[in-house]
Amino acid sequence: MPPIAFASGALEVLICNPELVKTGLDLLEFPSIVFMQTGYNVYTLMQAARRSWRIGQQQGVEVVFLGYAQSAQSRCLALMAEKIAVSQSTSGDIPESGLDSLNQRGDSIEMAMARDLIAA
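Residues numbered from 1 in each chain as written. Predicted model: local features only at pLDDT ≥ 70, side-chain atom pairs only at ≥ 80, totals over all residues. Heavy atoms only, no water.

Undergrad: An account of the overall build of the protein chain is needed here, citing residue identities and associated values.
TA: Of the regular secondary structure elements, the protein chain holds four helices and four strands. Traced from its N-terminal end to its C-terminal end, the protein chain shows the element sequence β-β-α-β-α-β-α-α. Total accessible area on the protein chain stands at roughly 8200 Å², and carbon and sulfur atoms take up 58% of it. (Helix = DSSP H or I, 4+ residues; strand = E, 2+ residues; numbered from the N terminus. Areas by Shrake-Rupley, 256 points an atom, 1.4 Å probe, with all protein chains shown as cover.)

Quick look at the structure:
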């Protein structure tokens, strides 16, 4: 399904599925990206979050992740933060902001998910 656009006059909002826009799309005209859900695929999330942050971007880019505190959604974001931190550290990039601020423990996603399953 292609991206759906809603606008009055000029194009102001573009609603996209991260899985469909993770590669091959530049969103230079949309410097703000808001995620309503992320899933657990680090590659998809990182690629979709960087659609506006491309060569030639002259505006400040903002990426926002929405979620309710103390919910499964916030736990998912914390787990994604852990996966991204590991992924970036192996490539030599040490994150200092964004989802990595949710990674307080520093342990692996597998251990965190196992703990959640045992606790349930």
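What follows picks up the thread again.
Undergrad: Explain unusual backbone geometry to me, using residue names and the numbers behind them.
TA: Working note: non-glycine residues mostly have negative phi, and peptide bonds are mostly trans. Although it is not a glycine, Gln70 adopts a positive phi angle of roughly 60°. Along the chain, Gln70 falls in the loop between β4 (62–65) and α3 (72–90).

Undergrad: I'd like a description of the pairing of β4, backed by residues and values.
TA: Where strand β3 (residues 32–35) and β4 come together, four bridges link them in parallel fashion. Pairing of Ile33 across the sheet is with Val63, part of β4. Considered for its hand, the β-α-β crossover made up of β3, helix α2 (residues 42–49) and β4 is right-handed. (Pairing = 2+ DSSP bridges. Right-handed = clockwise from strand over helix to strand, strands pointing away.)

Undergrad: Lay out the nonpolar core in plain terms, naming residues and giving numbers.
TA: Residues Val21, Ile33, Phe35, Val42, Leu45, Ala48, Ala49, Cys76, Met80 and Ile84 constitute the largest nonpolar core, which totals 10 residues. Elements with a contribution of two residues or more to this core: β3, α2 and α3. In terms of residue count, the dominant contributor to this core is α2 (four residues). (Core = buried A, V, L, I, M, F, W, Y, C linked by side-chain atoms within 4.5 Å. Buried < 20%, exposed > 50% of the residue type's maximum accessible area, 1.4 Å probe, protein only.)

Undergrad: I'd like to hear about the environment of Glu29, residue by residue, with values.
TA: When you line up the elements, Glu29 lands in the loop between α1 (18–21) and β3. Since its relative accessible area comes to 59%, Glu29 is described here as exposed. Sequence separation between Glu29 and Val13 is 16 residues, and the spatial gap between their C-alpha atoms is 10.0 Å.

Undergrad: Which residues make up the environment of Ile55, and what are the values?
TA: Structurally, Ile55 is set in the loop between α2 and β4. Put simply, Ile55 and Leu28 are 27 residues apart on the chain and 9.0 Å apart in space, counted from C-alpha to C-alpha.

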